[in-house]
Structures are given as structure tokens and as C-alpha cells.
Amino acid sequence: MSLEQAPLPLGPSSWAIDAGPDPLAARQGLIGAPLARRDGPAKVTGEARYASEVRLDGMLYGALAFSTIPRGRIVAMDTSSAERAAGVALVMTHHNAPRLHSTVELGTAERAAAADELPVMQDDRIRWNGQPIAIVLAESQEQADHAASLIDATYQPEPAITRFDQARADARPPALYQGDPLRQTIGDPWTALAESPHTVDAVYTTPRHHHNAIEPHAVTLAWDGDELTVHDCPQAVTHLAWSLAQVFGIRQDQVHISAPYVGGGFGGKMLWQHQILAAAAARLSGRPVRVVLSREGVYRVVGGRTSTEQRVAIGAEDDGTFTSLVHTGVVATSRHNNVPEPFIKPARCLYATRNATFEVKRADLDMLANTFMRAPGEAVGTFALESAVDELADRMGVDPIELRLCNEPAVDPSSGKPFSARHLIEAYRAGAERFGWEARSPRPRARRDGEWLIGLGCATATYPYNRFPGGAARITINRNGDATVEVAAHEMGMGTGTVQSQVAAERLGLPVEKIIFVLGDSSLPGVVLAGGSQQTAAIGGAITAAHRELVGELLKLINCDSPLAGLHPDEVGTIPGGLGRLDDPSRSESYTAILAAAGVDTISAEATAPEGMEQLEWSMHSYGAQFCEVRVSVITGEIRVSRFLGSFDCGRIINARTAASQLRGGIVMGLGLALMEETQVDGRSGRIMNPSLADYHVPAHADVPDIEVMWTDIPDPHTPLGAHGVGEIGITGTAAAVANAVYNAIGVRVRDPPITPDKLLRHSPGR
Amino acid sequence: MRRFDYARAEDVADAVRYGTRRDALYLGGGTNLVDLMRETVAQPAALVDVTRLASTIEGTETGGLRIGAAARNSLVAEHPAVRQRYPALARAILAGASAQIRNMATVGGNLLQRTRCAYFYDVEGSRCNRRSPGQGCDAIEGLNRGHAVLGTSSSCIATHPSDMCVALAALDAVVHLAHEDGERSLPLTALHRVPGDRPDIETVLRPGELVTGVELPRLPLAARSTYRKVRDRASYAFALVSVAAAVEVEAGIVQDVRLALGGVGTTPWRARHAEETLRGQAVGEPAFRRAAQAELAAAVPRAHNGFKVELAVRTVIGVLNELTREEA
Amino acid sequence: MVVNGRPVRLPEDPRVSLLDLLREHLGLTGTKKGCAQGACGACTVLVDGARILSCLALAVQYSGRSVLTIEGLAEDGQMGPVQRAFVDHDGFQCGYCTPGQICSAIGMATEIERGAPSHVTADLTGTVEASAAEIRERMSGNLCRCGAHNGIIAAIQAACGAGP
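Computed from a predicted structure; not experimentally measured.

1. Remarks on the overall build of chain C
And step 1. Secondary structure assignment for chain C yields five helices and five strands.
And step 2. Going from N to C terminus, chain C has its helices and strands arranged as β-β-α-β-β-β-α-α-α-α.
And step 3. Principal-axis analysis of the C-alpha atoms places the extent of chain C at approximately 45 × 35 × 30 Å.
And step 4. For chain C, the share of sequence-separated contacts (at least 6 apart) that also reach a separation of at least 24 residues comes to 57%.
And step 5. Summed over its atoms, the accessible surface of chain C is roughly 5,100 Å², and 50% of this surface lies on carbon and sulfur atoms.
And step 6. Distance between charge centres in chain C, computed from 13 positive and 16 negative side chains, equals 6 Å.

2. Considering the domain arrangement of chain C
Residues and elements named next belong to chain C.
And step 1. Split into domains, chain C comes out as domain 1 (2–72) and domain 2 (81–159).
And step 2. Inter-centroid distance (C-alpha atoms) of domain 1 to domain 2 is 21 Å.
And step 3. At the junction of the two partners, domain 1 supplies 16 residues and domain 2 supplies 17 residues.
And step 4. Of the roughly 1,200 Å² buried at the junction of domain 1 and domain 2 (both faces included), carbon and sulfur atoms supply 55%.
And step 5. At the boundary of domain 1 and domain 2, one finds one salt bridge.
And step 6. Across the domain 1-domain 2 interface, the total number found is eight residue pairs in polar contact (both at pLDDT 80 or more).
And step 7. If one sorts the elements of the side of domain 1 that touches domain 2 by residue count, strand β3 (residues 44–47) sits on top with three residues.
And step 8. Class assignment for the residues of the side of domain 1 that touches domain 2 results in six nonpolar, six polar and four charged.

3. A look at the pairing of strand β13 (residues 289–292) of chain A
All names here are of chain A.
And step 1. When strand β2 (residues 60–66) meets β13, the two strands line up parallel, connected through three bridges. Paired with G62 across the strands is V291, a residue of β13.
And step 2. Relative to β13, strand β10 (residues 218–224) is paired through four bridges, and the arrangement is antiparallel. Its bridge partner being in β13, V219 is matched across the sheet by V291.

4. Comments concerning helix α12 (residues 424–435) of chain A
All names here are of chain A.
And step 1. Compared with the 16 Å implied by 1.5 Å per residue over 12 residues, the 16 Å span of α12 between its first and last C-alpha is a close match.
And step 2. Among all positions of α12, only L424, A427, Y428, G431, A432 and F435 are buried. Looking straight down α12, one finds that the buried residues subtend no more than 120° of arc, so they occupy a single side. Away from the buried face of α12 by more than 90 degrees, exposed residues E433 and R434 are located.

5. Overview of the domain arrangement of chain B
And step 1. Domain boundaries assigned for chain B yield domain 1 (5–51) and domain 2 (225–323).
And step 2. The gap between the C-alpha centroids of domain 1 of chain B and domain 2 of chain B is 35 Å.

6. A look at the interface of chain B and chain A
And step 1. Contacts between the two partners involve 32 residues from chain B and, on the opposite side, 35 residues from chain A.
And step 2. Together, the buried faces of chain B and chain A total about 2,700 Å²; carbon and sulfur atoms form 52% of this surface.
And step 3. When the buried surface of chain B facing chain A is broken down by residue, B:R228, B:R233 and B:R314 rank first, second and third, together holding 25% of it.
And step 4. Taken together, the links from chain B to chain A amount to four salt bridges.
And step 5. The salt bridge involving A:E451 is made with B:R228; its shortest N-O contact spans 2.8 Å.
And step 6. Across the chain B-chain A interface, the total number found is 12 residue pairs in polar contact (both at pLDDT 80 or more).
And step 7. Where the side of chain B that touches chain A is concerned, the elements lending two or more residues are α8 (118–121), β9 (225–230) and α12 (307–323) of chain B.
And step 8. Element by element, the count of residues in the side of chain B that touches chain A is highest for α12(B), at six residues.

7. Notes on the pattern of salt bridges
And step 1. Summed over all chains, the structure comprises 84 salt bridges over all chains.
And step 2. Close ionic contact of A:R251 with A:D253 constitutes a salt bridge, the shortest N to O distance being 3.0 Å.
And step 3. With its nearest N and O atoms 3.3 Å apart, the salt bridge here joins B:R21 to B:D5. Within this pair, whereas B:R21 is found in the loop between α1 (12–19) and β2 (24–27), its partner B:D5 is found in strand β1 (residues 5–8), the two being separated by 16 residues in sequence.
And step 4. The exposure class assigned to B:R21 is partly exposed, which follows from its relative accessible area of 40%.
And step 5. Residues participating in the shared-partner salt-bridge network are B:D172, B:D256, B:R258, B:R270, B:E275 and B:R279.

8. Some points on the sheet that holds strand β7 (residues 152–157) of chain A
What holds strands together in a sheet is hydrogen bonding between their backbones, with the strands either parallel or antiparallel.
All names here are of chain A.
And step 1. Judged by pairing direction, the sheet is antiparallel, and its three strands sit side by side in the order β5-β3-β7 without closing on themselves. Edge strands, defined here as strands with exactly one partner in the open sheet, are β5 (125–126) and β7.
And step 2. With two bridges joining them, strand β3 (residues 72–78) and β5 adopt antiparallel strand pairing. The residue bridging G72 from the neighbouring strand is I126, located in β5.

9. Re the nonpolar core
And step 1. Core analysis: the largest hydrophobic core is formed by 173 residues, its most contacted members being A:F627, A:V630 and C:L18.
And step 2. Those residues in contact with A:F627 that lie beyond four places of it in its chain are A:I401, A:Y428, A:G431, A:A432, A:F435, A:W437, A:G457, A:C458, A:R643, A:F644 and A:L645.
And step 3. Judged by nonpolar contacts, the second largest core, of 54 residues, contains A:L100, A:L244, A:W272 and A:A281.

10. Regarding a negative patch on the surface
And step 1. Together, A:D78, A:E83, A:D152 and B:E124 make up a negatively charged patch on the protein surface.
And step 2. Looking at the element boundaries, A:D152 is found in strand β7.
And step 3. The exposure class assigned to A:D152 is partly exposed, which follows from its relative accessible area of 47%.

11. Observations regarding the confidence of the model for chain C
And step 1. Of the residues in chain C, 98% reach a pLDDT of 70 or more, and the chain-wide mean stands at 96.
And step 2. What the predictor reports for the complex is a pTM of 0.98 with an ipTM of 0.98.

12. Describing the sheet that holds strand β12 (residues 255–258) of chain A
All names here are of chain A.
And step 1. Strand order in this open sheet of seven strands is β4-β6-β2-β13-β10-β11-β12, and the pairing throughout is mixed. The sheet is open, and its two edges are formed by β4 (88–92) and β12, each paired on a single side. Taking the axes of each pair of neighbouring strands and ignoring which way they run, one obtains an average angle of 20° across the sheet.
And step 2. The sheet contacts of helix α3 (residues 141–149) involve β2, β4 and β6 (132–138), and relative to β2 the element is tilted by about 25°.

13. Points about unusual backbone geometry
And step 1. Across the junction of A:P753 and A:P754, the peptide omega takes the value 5°, indicating a cis bond.
And step 2. We note that C:D90 has phi near 50°; this positive angle belongs to a residue other than glycine.
And step 3. Inspection of the secondary structure assignment puts C:D90 in the loop between α2 (81–88) and α3 (98–113).

Conventions we followed
- Residues numbered from 1 in each chain as written.
- Chains lettered and ligands numbered in written order.
- Predicted model: local features only at pLDDT ≥ 70, side-chain atom pairs only at ≥ 80, totals over all residues.
- Heavy atoms only, no water.
- Helix = DSSP H or I, 4+ residues; strand = E, 2+ residues; numbered from the N terminus.
- Contact = heavy atoms within 4.5 Å.
- Areas by Shrake-Rupley, 256 points an atom, 1.4 Å probe, with all protein chains shown as cover.
- Lys, Arg positive; Asp, Glu negative; His and termini not counted.
- Charge placed at Lys NZ, Arg CZ, Asp CG, Glu CD.
- Domains from an automatic or database assignment.
- Buried area = accessible area lost by both parts, 1.4 Å probe.
- Salt bridge = Lys/Arg side-chain N within 4 Å of Asp/Glu carboxyl O.
- Polar contact = N/O pair within 3.5 Å; in protein donor to acceptor, adjacent residues only side chain to side chain.
- Nonpolar A, V, L, I, M, F, W, Y, C, P; charged D, E, K, R; others polar.
- Pairing = 2+ DSSP bridges.
- Expected span 1.5 Å × (residues − 1).
- Buried < 20%, exposed > 50% of the residue type's maximum accessible area, 1.4 Å probe, protein only.
- Arc of directions from axis to C-beta.
- Core = buried A, V, L, I, M, F, W, Y, C linked by side-chain atoms within 4.5 Å.
- Patch = residues over 30% accessible without salt bridge, like charges linked within 9 Å, V, L, I, M, F, W, Y side chains within 5 Å.
- pLDDT = per-residue confidence, 0-100.
- Axes fitted to C-alpha atoms, helices over the stretch in contact; angles between N-to-C directions.

Spelled out as C-alpha cells, the structure:
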């Protein structure tokens, strides 16, 4: 914060319709500055300690055994060899597991964190292929792994639905998903479609995906009486504490979750069976336990993004105006949870249309619960929608950007709400210019370099702004002028501690070096999910609220001869190192002076952010324009992405460096979705057959070109800091941009990613 | 992983003495065997570490090159003689796995690496004749996009995963073996067995027989050889199809040719039908196509791997075009 | 075996991987376990200067060898040049693949220095340049799921003094 700036007024006390913009949103200085990660040195020296790296005295190592059938009963289990094996302390199965309460499914209670509500090793039933049937504890990991391999189960299989085409026949509307029936019809889309001079109507499918954080799920835990201490790597420390407390019938405050570092999450690091089994086995054995899932174990125990089959139909007038938009389809789900991949979300906000229908149906399989994965709904929904828009543009012979922009809505087309901030046109224009879009030939196979055809494609990105209830923070200022900010938030690569230190520093008028930001612990304030791209706004709102509270406390502390005496918090603002009168900045006091005068060492305030009322008033989304250049071999059908650019409209950027990395990271995962990622399930058995990083391909360095990212940096006037989260939008639109570029290159439209050489070969002449 | 005894061999005699022990296996860099042991696919009672045996790369009296079995893959690819005289071998090695793995893996170990068939690896949950003879094969009617189309049988369609072996097969490499009963040599192409009804017997090696080295003969046309690998990821992935080739052309006519395929066979696949078809033909795409099709005529595609036939034909044509560009 | 300059005892159980020796026996948890299958590169360490995957290495095989891990890279308590470059170029996000990326980059630099070719080297008998394409191919054995690839390549180019 520079000295010449006027005092910064406090942030709004509410985010409802009459609240003004956050004064911080317009501030120059630390906001937007590309600060290096504050935890960088710890991460590059190996000092950062992850969940599997905490050593507890007397600790045992756990290993899991998994079912090999999708549905049925365990009729016999021979654990004798395992029990006799060297170093084994415990073999736990449904026969001897302690009785546990049910888990609570994510979304059904404020702090619920479980993927489903199935009993955990409480009975002889098998509900998916890969379900844990036993946990072995031993003195070393080698001993535990070996013993687990000796467990022999005999099953009585029962008929199971393990193929999508079986389940599809009985597809049905889902239960409400986050309060939404996932179906809506506006006007008369079918008549309008039939009467449209230009149409596209196609079916797109996407396979299952896995998060594949490089850190496998790991937990190190210990009981002390009824107190449970858990070193874990979750995206929701408070949710996890509450949820484990439910399972073990204890209070939330008896469970302590510590997770200062999370080695990647992407939606996958919530409550799954392994934490419960580790805690139950620790209770039975009376010793601390560490369970690190093998990579195969991650696939068997932790669900991923499910598969979808989406129909997109668009009708358009000669001038490109959409007359009808249909986005419907079926997603695979498990029998035992409710995460129907909501692929219709982008279509509901992106295009102006008077006639539309949107619907997601679920088809239940006997499979592991699927779950949220980076941009659930949008990642695969934009693939189908934005491919279809490109197909329509191609048929109509119009530029796909112009086709999109002539359908920009004035208000949200499905809710009728005004947009809080929408600058997609600016993002497209800036991105197109920077990328050199004008060089694109509308005709496929027009550019060639030796055996490589070159194509350009674009697609729209979108992801909602979210701010869930429960964001809370505690700010403590010391006599020496340091401030400690505490939030039960998460660092899994987003740069949370760095970004929010900038926010707190600017809010408090302190150098960022004076901010100590503490996160990753369930004993801290707040219920802050690291999901839905909401942490930035949720923590930002919490700091705003706690700061307001803190200023109130400071003003109470000052004595009557202070220049700030008798003032209300809204009459003061932040100046470097303290507070000043808004109407007369020369009248001010430093924090240290206030504390010294009052004779106190510290002052602390904690507050919960006001409810996310802004989301009721406005349609709130981030947007982006994704541009891709690919090279496709006419001989082999191999695809190489040679250039990529993402131009984003996602509010004010807090840290240009970490935001760029988040956006790029999403794009890289989108490249994976486009070109290589697929969880392969053998339809006969419901068994995942590529449970490894050798067989489930994620992009390697050689697959990732230079990715340029840019942003409008226009603050959203209705959000804390004017910011939106940026963790998920990068993956949206990316796969469609790749598919559209592939079509532009070689003239083959692939509607079923991953776009692998074999799919191009079928339709390509080979020269 | 089952507990095992570990012994380090100081010389070949030492190794084969240990190696004939029941359930003993030779251990090279461990990049495949340690993984297989962790997955319980392999459960040796003893490992004989042969990484400290001969790893030298040196010229032979007949103008070839002899490579010790303990030579690390990366050092073979890096060796000036290999880069100059047998570039297909250097390229094949460099197309495989990752730099770290190539730094660990030995030549002997690479020859004996085992299939990456997912059903072969899934000890608990899947049937596999290669792992457990007579059990059945879940790949034939299962997910078989990565599986072989040549040299398959009704018991096994597992692909041989090596890149290096494909180049060695093309370049007429000879494998030197040692056993308690003495030494012998085999063409690389005679080392691996097609599965037939005994897919569990993967090579012609006798129990306890040790690979001590690989010899490349003098082969002038190999100086203009190459290796092309097609895969789903730009790096660090197994081949969908790969081609090792060397061609000698005079006056637009193919005088001599070496061709081998990877990713399509149950063994490193020397394409002799294609070679025979090509010899004496005029350089050009029609002849290349006929040759490739002659080799692939015997292909038996399954539900998901039919594309490999066309992909292999195209890749052969592409590689031969590249090698003969100046002569055409 | 010597680890970061200190002699260490080999484990009694031959099943113990070099990775587990480091993490579980020696408390050197900077080296990461991502897959234990040789498929991700997070466990990369340097043995006598060469980068290898410690998850596929049985510790007993490495007696007499010198192992360098991420903990051994600091110079006088300060981050080494590659480490510093990773911070400067945001060459990581969650940080879990990072020690492996860094050790791999150091091993790669020596490979390029001695002229070892790679899959993307056009002329096998020519000189090798540390271009972005070369570094990408050579670093492909180190997966990153956060998508920090651009930052990693930039950091390596900066630390190795290579041009773009």
C-alpha cells in the first residue's frame, strides 16, 4: 500500500443487493502483485511435511485388500496366513471391525464430507468391485502389503449392473442436486428447432476420469482416549473433523485434523473409506496408524468424475441468432450417492435463447461412488456444447467467435437474473488478437507443414462464482505490529497462504512480511471447503468480516484523547500500519500505538462472513475464451498441441503469478481430458483396469506447450475483493477448443474424447 | 511382496550358480521385476543381482558391436558407435520409458521385460493364462485396445512391450547366454516365443540361463536406420505401433531391407514377409504399402485393436518414405 | 551407502526400496512417493550423479553408492540454483512432485552437458541443445498434475542458463 493513497474504507458488512463494491477491489498495490509463493522454499527443499510424512511413536502401517466382484456377499474369508505373517499386528474385516455410525453424504449437511452413506466394513455385502474387504496393520509397510496379499475371500456374486448401456435403459431424473432438479424448459425448443433454417444435433460422450493428485491419499492418525488426531490431506478440514466425529460417535472438537500441505486434490481429497478404516483399526489395535493408499488403492477407494452421454441440438436463424438450445443426456452414477455430473450448467448461462431445454438423467450402476472433479459439469459440459457451436458455425460458414458473440445474453437466459459481471466479449476480442485468430482458415486441411496438418480452434470457458456459508477468520495484531490471520482453509497448490496474506496485508495496511497466515487445521475458525473455486472469495469475505470486527475492537480500545475517539468503524479507514479518519487522513493512529496506549499485547477478533446473498441477486460466473493450435499427423493421427492461449474474465486477480499457474493448471488438465484421460472399466466386472499412472495417461511435459494466459482484470462489483476463484475455469472449454482445432486441422470431428490416433484414423485418408 | 533372499553376483559363474536355485530370478535394474513383485505377479524366493556383470560396449572382430547385458539402456543409446552405426537402436531406446528408467534398466532386463497387459497385472481380479496357465484370458473379450494383432493365440493376445527389442530384431542382433552347462548364442528373434497354448513360457531360455550380452553384427545399411513410435501421449507411454527399419536402395530399387514392428506383436516382430515383398521393388508408396499389408495379412484384430492394422501399415509407409526420401 | 554425504546402514529386509529407506528409515521425506510403480517420477533421486527412480530401486542393490536427495541440494543452508529458480518461476503448485522434478532437472543437465541425445534430438551425431522441446522430452518422466509444466521448464532453462 502506497503512502499517497487515501485511507481504505472497510469492506462491506453485507454482500446483499444494496452493498457497495469492496473498496479493496479498486486498490493498486499488493492486490494483483505477482508475489512468489511464501511456502515456496519449504516445498523446493523437501521441508514441507505432508500427511504421510508425520511419524507417530509406535505407529503401525496399514494395507488394504479389495473385493474382486461388483456385487454380492463375502461368504468366507481366510485371514489366517495374513495373521501369521511376520510383523502383523491386526487384520480387520467386517467380522471384527468396531461398530460405526453411518457416514453423511457431502451436500446433505453443512459439514458432511463423505462420498456416500454406505456402511464401512460393517457387513458381508459387496457393493462395488474394489471395495475394501480388509485392512492389515503391521510393523512395516512391506509386511503389511505382503500380508494383505495373502487374504483370501470367497464370494457369492449377485447380478450387477456394470455397463452403462444396461443402466441407461432405466435412467431417471436425479434427486435435487444442490437444490437444483437439473431440468428446465424455456419456451418451445422442439418446435423452434424444427423450424430453424440452421441446426446441429449431435451426441457427445465423455469417459470416466480420475483426479490423480500426485500425492496419494494418506492419513496418519492416533487415538488418545476418545480424542482423535488426524494428519490428513483433505480439501475440507472442518468437514472432515465433523464427519469423522459422526462416524465414531464423538464430538467434532474431539477430532483434530492437521493438513498444512495437500499434495493436490482436484475434488478427490474428501472423506473416503480409508480414513475411517485407519481410525477404526487404530482403535482396535490401540496404536497409531498410517495408511497411504497405493496408486491402485486410490482408484479402488476414491471415486472420480463419471461418464456422460450428452445430446446438444442448436437451431439458428440466418443471422446466427439461436432460436433453440437443447442440452440433455444421461450420466452414469452409483446406486448409493447423488452426484449426477451437471453438464447442463454452461448451456444455462452462456447463450441468449428464447427456447431451450436442459436435462440430466442418471443411470445407476454397481460402482464406486463417483464424485466431484475439477469443474464438475462444466469440464465435460463445455466439451459438448462448445463442440456443437463450432459444428454449427462450420455448417453456417460463419466465424465461430462471431457466432458466439451474436448470442451474448443481456441477462442470464435461464434464471432471468442480471449478470454481476460479464465481459466475455472483451475476453474474446483480446484473446483472438493476441492469438492471431485471423490467420485461421475456416476450411479444414488448409494449413500443412510436412506430414503435419495445422488447425486452430476456440471455445468458451465458464465456471460459476461460489461463496458457500461458513467462511470465518480470526485476526490478531501484536504489539510489534505483526498480524496473524487464521482460517481453516487449505493449501493444495493454489497459493492460498500467499494470496490471502496479500489480501490481509492490504486490508490491514501492513507489509506482507508482517502477515502470518495460518491454515490447514480444523481447530481454526471457519467451515471452508477448498472446492467450487470458492476459497478466494470465502476467505476474502471472512477476512473482511473479521477486519471489520477488529477495527471495532480497536476503536473500543482507544482512549478519549485519541484522534480517532468516538468514531464508528465506517468512519475510519486503513492507512499504513494503522487507522485514519476517512474525512481527515491526517488524524490517525498506528496499531502499535493503540495497543501500547491501552497496555495490551495483542488484540484479536473473529467473525464469520455474511451469507452469500450476492448469489441470490445476480447470475455470477467467470468466463473465458480458449484458443488452441494443434498439429495432426496425416500418417499416424498423432496430435500435438503446439500453442494454447486462455483469455479470462474472472474478476480481479489477486496474485498474477499464482493465478496464472492455476489457470494454466486447469488448461493442462483440459488437454488431458481432450487427448488422453480415461478411466477404463471392464463392463463385465465393473473393475477399473487402468489403476496406475502408467496406464491412465495424464499430460507429460512433452504434451504441454507454452500456454499463455491473460485476463480482463475487471473487478466484480458484488464480490469480496472483486475477485472470483480461478481454480476450475481453466479446464472448461479447453477440450472443445482442442477438438475444434483438430477438426480445423484434419476435417474429422471427434465427439468422444479422448481424441486418440485411432479415432482420427477411421476417417482420415492418410496422406 | 514376498520376502526373498538377495545375492549379488560378482561374475557369470557366480550368477548362474545362484541362478539355478529354485525360484531364483536374475535382477537387473529392477524397473520391471520390482514392480511385478510388488504386484505379486512375480514371487521369486531369491534374486540374483547381475547389475555388476559386464556392461561394456565394444567393437567385435567382425565389425559388429557387443553390448554387455548389464549395460544401462541410457548408456547404450548414448554410445557413439550406436548413434552412428545403429541409430534405430538409439532411437528405440530413447523412445522408451523415461530418462530415469533408462538410467536404471539393463539391456538384459529389457530383453526379458514382461507384458503390460492389464489383466496380466491384475492378480487378484482377472484371469490370465500367461500368469496362471489354463486360467483363461480376460483380455480376448475384454479391453484390448493395446493388445497384439500378430502372433496371438486363443490363450493370449498380450503385447510385447519393449522398444529396444524391436530395433534389435530388425538389426539381426544375437543374444549371448550362459548356463551352468555352458554358453550359447541365439538370434534375438529366436529368443521370445509366441504364446500358442503356453503363454506362460515366454522365451526359449532354460531355467537359470542368463543373458550375458547382445551382439550387433556389422550391418552397413543400419547406419541409415530409424525407429518411429506412435503412442497416445507424446512421451513416457508404450507404443500403439512402432517401426524399426533400415533400407538400402540403389538406382531406385530396394536392395536390402530390415523391418520390425512393435506394439502389434506378442513378441518383438521381425517383419520378414514385408522384407521379402519389398526386396527388388521400386522405391515408393505402392511397394511400401504392399509390403506392410503382406506383413499384416496375418493380423487377428479384436474388438478394440483393429486400428493397429491400418496404423502399422501407415507407419511402415511413413518410415520407409522417410528413409528413402533422397533416393525416390 | 552414502546419503547426502553421510554413511547409512542398509535395511535388513531386502524388500525395502531406496525410497522407503529414505522416507521411513532415514526420515528424509523430501523424496516423494507418488505411485511406487515407476510411473510418475516423484521419487527421483541422484545416484552417483545419475537420476533414477528410488521406488523401483531395492535399497540393497545400492550398497557402496552415493545418493543425493532434495535435502542434500542446499548450499550453506541456502537453496541451490535450481531450487531458487523453481520458486522464481512458480515451477510448482501443490509441491508434491517438486523434489522429483528438481532432482530430475539436475540429472538432466549433466546428461545434456555430456551430449546425450533424446527422443526429439534430430541429429543423433550432432550436438545437443537445451531447447524447450529437448527439456520437455527429457523431463517427461516427471508427471505434474497441478499443471506447473510451463513454470518448471522456465525454471530449468533459467537455472541451466539455456536460451528459449
